[in-house]
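# An overview of the molecular structure
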Amino acid sequence: METSADFVIRIQSGSLTRTGHGSICGQIWCEVGTLAFPESHWYDFPIVMVKWWLEATVGLLDRRTRNADVNFMDGPYLVHVFAERRDSWQCQFLEMAVGRTEVIHEFDFSPNPFVSSLLTCSGELLHECSAKGWESTDVDSVIFQRERLIQYVGKDR
């Protein structure tokens, strides 16, 4: 398993649109070093995915769980994180298909840069949604989960 550069979540806040059903769509992807997963500027549902990442990260940090899976909603892609130690986590980028799972990339990473990137991208998403007047239960959940993460990180320092 590779020890890697920082693992981060990226969004392109200027790409956000809202469907007629109220779903917020836009670009979201993961980066580790020069690798983008599933690919750079992947188009998906960033509000829902960031909510999942926030929930999973708090669970990993407070040690309620040692594993977290976050699916990309558009496509067969999954990120699996295993927090064996507090200061070093393991990750797999996976492609799921009927009857098989392919490991695209596997690496160790420090959770601190990841948490920072998650707070940054969730803040950008919320700022953009606020600027556009978009409200929803998913937006409310991102606000709530982001505050939980901020409180947890603040207690841990």
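Above this text sits the structure in question.
What counts, and at which threshold
- Residues numbered from 1 in each chain as written.
- Predicted model: local features only at pLDDT ≥ 70, side-chain atom pairs only at ≥ 80, totals over all residues.
- Heavy atoms only, no water.
- Salt bridge = Lys/Arg side-chain N within 4 Å of Asp/Glu carboxyl O.
- Helix = DSSP H or I, 4+ residues; strand = E, 2+ residues; numbered from the N terminus.
- Buried < 20%, exposed > 50% of the residue type's maximum accessible area, 1.4 Å probe, protein only.
- Contact = heavy atoms within 4.5 Å.
- Core = buried A, V, L, I, M, F, W, Y, C linked by side-chain atoms within 4.5 Å.
- Pairing = 2+ DSSP bridges.
- Phe/Tyr/Trp six-rings, centres within 6.5 Å; stacked < 30°, edge-to-face > 60°.

Before going further, it helps to spend a moment on the pattern of salt bridges. For the structure on display, the rule yields six salt bridges. With a shortest N-O distance of 3.0 Å, Arg 10 and Glu 31 are connected by a salt bridge. Placement of Arg 10 in strand β2 (residues 7-18) and of Glu 31 in strand β3 (residues 24-32) is noted, with a sequence separation of 21 residues between them. Under the relative-accessibility criterion, Arg 10 is labelled partly exposed at 35%. Across the pair Asp 87 and Arg 85 runs a salt bridge, and its minimum N-O distance is 3.4 Å. Classification of Asp 87 by relative accessible area gives exposed; the value is 53%.

This part covers the side chain of Lys 51. The topology assignment puts Lys 51 in helix α1 (residues 46-61). Not counting the four nearest positions on each side in its chain, Lys 51 is found in contact with Asp 138, Ser 141, Val 142 and Gln 145.

Another aspect to go through is the nonpolar core. Counting residues in each nonpolar core, the largest one holds 47 residues, and the members touching the most others are Phe 7, Cys 30, Trp 53, Val 79, Phe 93 and Leu 149. The contacts of Phe 7, once residues within four sequence positions are left out, are Cys 30, Glu 31, Val 32, Trp 53, Val 79, Cys 91, Phe 93, Phe 107, Phe 109, Pro 113, Phe 114 and Ser 117.

On strand β6 (residues 67-71), burial follows the alternation: Ala 68 and Val 70 on one face are buried, whereas Asn 67, Asp 69 and Asn 71 on the facing-out side are not. Where β6 meets strand β7 (residues 77-82), five bridges bridge the pair, whose relative direction is antiparallel. Looking across to β7, one finds that Asp 69 is bridged to His 80. Connecting β6 to the antiparallel partner β7 that follows it, the hairpin turn spans five residues, and Gly 75 within it adopts a positive phi of roughly 115 degrees.

This part takes up the environment of Asp 6. Residue placement: Asp 6 occurs in the loop between β1 (2-3) and β2. Classification of Asp 6 as partly exposed rests on a relative accessible area of 46%. C-alpha separation for the pair Asp 6 and Asn 112, spaced 106 residues apart in sequence, amounts to 9.0 Å. With sequence-adjacent residues up to four places away left out, Asp 6 is seen in contact with Glu 31, Val 32, Gly 33 and Pro 113.

Now for the packing of aromatic side chains. Under the defined criterion, the tally for this structure stands at 14 aromatic pairs. Taken together, a centroid distance of 5.9 Å and an interplanar angle of 65 degrees make the contact between Phe 109 and Phe 114 edge-to-face. Each member of the aromatic cluster is reached from another via a ring pair, and the members are Phe 7, Phe 37, Trp 42, Trp 53, Phe 72, Tyr 77, Trp 89, Phe 93, Phe 107, Phe 109 and Phe 114.

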